[in-house]
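Observations on chain architecture
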Amino acid sequence: MAEIVQHRIEERIPELEQLERVGLFTKKEVKSIIKRATALEYKLHRLIVNKDDFIAYIQYEINVLELIKKRRAHIHYQFKREEIEFPVIHRINSVFRRATKKWKDDVQLWLSHVAFCKKWATKGQISKVFSSMLAIHPDKPALWILAAKSELEDRNSSESARHLFLRALRFHPKDKKVYLEYFRMELLHCEKLRKQKEELEKAEMDLGEYEFSPEILSGKLAEVVYRDATGKVKEAEFVISLLNIAAIFDFTKELQDLILQDLQTNYAADSLTWNFMAKRELEAAGAGGELPTAKGRASDINRREERCCQVYEEGVKSLNTETVAVPCDLEPMWSSYVTFCLERLKRKTNVEELKEKRQQRLLGVLQRAHDSSMLKECYYKNWLQVLLSTGDAEGAASVAMAATQRHSRSVSVWSLSLQTMMQLGSGDVGRLFQEALSLVNPKESLPLWQLQVQWSVANQSPEETENLFTRGQLSAVAAVSMEIKENYLDWSYSTGGYKKARKTFTSLQENRPLSKAFFTRMIEIEKEQETPKMNSLRDYYERALQEFGTSDDDLWLQYIQEELGPRGQPENCGKIHWRAMKFLEGESVERFTCRHTLFQTGRL
C-alpha cells in the first residue's frame, strides 16, 4: 500500500512545482498539500474503504481547485492550466469513478460527479458519467430526463437527447414526465433551427449547404411525439399539459389546434377538459386594459367571465346527461365551476357593479350545486361567508341548516353551521348541539364540545353550564373527558373563586382519564393566592405523580424546585430525587438526571 501511495504523491510533483514556480502557492503550502494528500491517499487504499473518505478526498481536491482559481484572479496569472488544473481535475474524476464503481446505488454520488463535470468545464466526461449511471439505474425516469437535458443544454446535441428519450421510453413506456420533456425537447430543437435559418437569411447566406426540412421546422417531430404519448397515456390532464407546453412556442398554432380538437373529442366527459376550455375563453379574449375607463374595462371583464360561465354551463349540462355512464365526473365539474367563481370574486375591483355581478353569480352556482347534491363540504364555508358579508342572516341560517342535513356526520360542517347560528343569535343552538353530538362520530366530537362550552359560558345560566361540564367529563372519549375537566376547573375558578376550584378539583381528581394540564392548572391557581399553602401544593404534585410519575421527568423537577422555594423544605429534595430515579422509566431517567444536574449547577 505504501508503494502505491508514494507513487500517487510522486505523480503530483510536477503540478506542485509549477504552483510554487509561478507564485500561486508558497513552499510551505506545497508541503502542507503533500502532507494532507498523503493522509487522504492512505485512507483510500485501506483494505476496508469508507465512502466518507472518498468524499473527503474529493472535497479537499475541489477546495484546492477553488483556491487556485482565486489566487489566479488575485495575481492575474492565467497560464499553464494544462500543467496545473488539468491533472487535479483528472484525479478527481478518477476518484469519482472509483467511488461510483464501489457504491453504485448512491444516486447522489453520481449526481455530484455530474455537477463537478459541469462546473469545471469537463463536459466531455458528462456523457460517460450519465451512460454509466443509467446502466445501473435505468428504473429512474428523472435520471433519463436529466441526461437528455444535459445533452441538449450542455453539449448542444439534440440528436443525443432524442436518443436518450427514446431509450427512456423503452424502460418507461407510459411515464408522463418523460413524454412531456421529450415533447418539450422537440419543440426547443425546432425553435433553435428556425432561429438559425432566420439568422442565415438575415445574413443573406446561401442555405444550400444547410438542410432545413419544412416538416421539422413546423413541429412535425413534436406532433409524432404527441401522438405516441396520447396513444399510451389516455388522460385529459396529460393532454392539457402537452397543450400548455405547445402554447409556449409561437410557431405551434396548428399543433395546438390539433391537440385542442383531440381534447374536446376524446375527453368531453372529463371535467378537466371543460375547466380548461372555460379558462381558455377568459385568457383568449381581447385585453380589457386597452379600454380607456375603469367602467369600460370592468364591462369587458364581465363579458369574458360570462363567456367562461357559458362554457361551464355547457359542461355541466353535457356531463349531467352522461351521469349514468360517468357518475363520478359531475361533482368535480361543479367544484371547478364554484372554484372559478370564487377566484373571480376574490379579485380586487373598484367597480361595485362588477363585484355585485360576481357575487350573484357565485351565490347562484353554489345554490344550484347544492340542489344537485354535488357541493363539497369545503364550499359551504365560502357560501356562508358571502351571505354574512351581505347581511343576509336568513339566507345564512338556511344554508347552515341545509349543510348539516347534507353532511350530517361531518364535524367541520356542524362546527361551521353552529358558529353561524351562534353569530346570528339563534334560539335553537342548544338543540342543534345535542343533535350534532348524536350524529357525529364520538371520537371526532371534541371541537363540538369545545364550541358548546364556549357558547354555554356566554349564553346559559351557571347551573346549565355546570350540567354541561358534568355530562362532558363522563364522556367515553378520553380526549373529550380530559378537555372538559380542564375547562370545568378554569370555569369554576373564574366564577366561584379558589374554594369552588378546589371543590371541583377534589371531585374530579379520582375520575380518570386525567391530563397533566388539569393538575398544573390547579397548582397555578394555588400559587395565585395571597398565601399559597405548601401542603396543598404537595398534595397536587403527589396526585399528579401518581398519574404521570413513570414518564414525566419535568413534573419531578418542578416538584424539587417547589421544595427549594421560599415555602418549601429543601431537606425533602433528596427523597423526591430518590423516588424519581425509582419511578421513572426508559429515557426519562437519563433526561431527568441530565436536567437535574444542569439545575444544580445553575444552568437550567
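For the structure, check the block above.
Residues numbered from 1 in each chain as written. Predicted model: local features only at pLDDT ≥ 70, side-chain atom pairs only at ≥ 80, totals over all residues. Heavy atoms only, no water.

At a minimum axis separation of 9 Å, helix α18 (residues 377-389) and helix α20 (residues 411-424) run at an interaxial angle of 15°. One way to sum up the angle between α18 and α20 is to call them roughly parallel. The crossing of α18 and α20 is left-handed. Judged by residue contacts, Glu 377, Tyr 380, Lys 381, Leu 384 and Leu 388 of α18 engage Ser 412, Val 413, Leu 416, Thr 420, Gln 423 and Leu 424 from α20. Split by residue class, the contact of α18 with α20 holds six nonpolar, three polar and two charged. (Axes fitted to C-alpha atoms, helices over the stretch in contact; angles between N-to-C directions. Helix = DSSP H or I, 4+ residues; strand = E, 2+ residues; numbered from the N terminus. Parallel < 35°, antiparallel > 145°, perpendicular 65-115°, else oblique. Left-handed = near helix turned anticlockwise from the far one by under 90°. Contact = heavy atoms within 4.5 Å. Nonpolar A, V, L, I, M, F, W, Y, C, P; charged D, E, K, R; others polar.)

On to empty space enclosed by the protein. Per the counting criterion, the structure on display carries one cavity of 30 Å³ or more. The space that makes up the largest cavity amounts to roughly 60 Å³. Residue lining of the largest cavity: Arg 12, Glu 15, Leu 16, Leu 19, Ile 33, Glu 61, Val 64, Val 88 and Arg 91, and that is the complete set. Broken down by secondary-structure element, the contributors of at least two residues to the lining of the largest cavity are α1 (2-21), α3 (51-75) and α4 (81-102). It is α1 that contributes the most residues to the lining of the largest cavity, four residues altogether. Across the lining of the largest cavity, the residue classes tally to five nonpolar, no polar and four charged. (1 Å grid on protein atoms, 1.4 Å probe; cavity = no way out; pocket = protein on both sides within 12 Å on 5 of 7 lines; lining within 4 Å. Points joined across faces, edges and corners; volume = space filled by probe spheres on them.)

For the rest of this paragraph, the subject is helix α17 (residues 352-371). Here α17 contains 20 residues, and its C-alpha end-to-end distance of 29 Å stays within 8% of the 28 Å for a straight helix at 1.5 Å per residue. Among the residues making up α17, those that are buried are Leu 354, Arg 358, Gln 359, Arg 361, Leu 362, Leu 363, Val 365, Leu 366, Ala 369 and His 370. Looking at the residues trailing α17, positive phi occurs at Ser 373, about 60°. (Expected span 1.5 Å × (residues − 1). Buried < 20%, exposed > 50% of the residue type's maximum accessible area, 1.4 Å probe, protein only.)

What follows covers the nonpolar core. Grouped together as the largest cluster of nonpolar side chains are 139 residues, with contacts concentrated most on Phe 183 and Leu 187. Contacts of Phe 183, omitting those with residues within four sequence positions, involve Ala 222, Val 225, Tyr 226, Leu 242, Ile 245, Ala 246, Leu 255 and Ile 259. Counting residues in hydrophobic clusters, the runner-up holds 29 residues, among them Val 22, Phe 96, Leu 109 and Phe 116. (Core = buried A, V, L, I, M, F, W, Y, C linked by side-chain atoms within 4.5 Å.)

To continue, consider the pattern of salt bridges. Within the structure shown, the criterion is met by 47 salt bridges. The salt bridge partner of Arg 361 is Glu 306, with a shortest N-O separation of 3.2 Å. Highlighted residues: Arg 361 in helix α17 and Glu 306 in helix α15 (residues 294-320), separated in sequence by 55 residues. Residue classification places Arg 361 among the buried residues on the basis of a relative accessible area of 12%. The class of Glu 306 is partly exposed, set by a relative accessible area of 34%. (Salt bridge = Lys/Arg side-chain N within 4 Å of Asp/Glu carboxyl O.)

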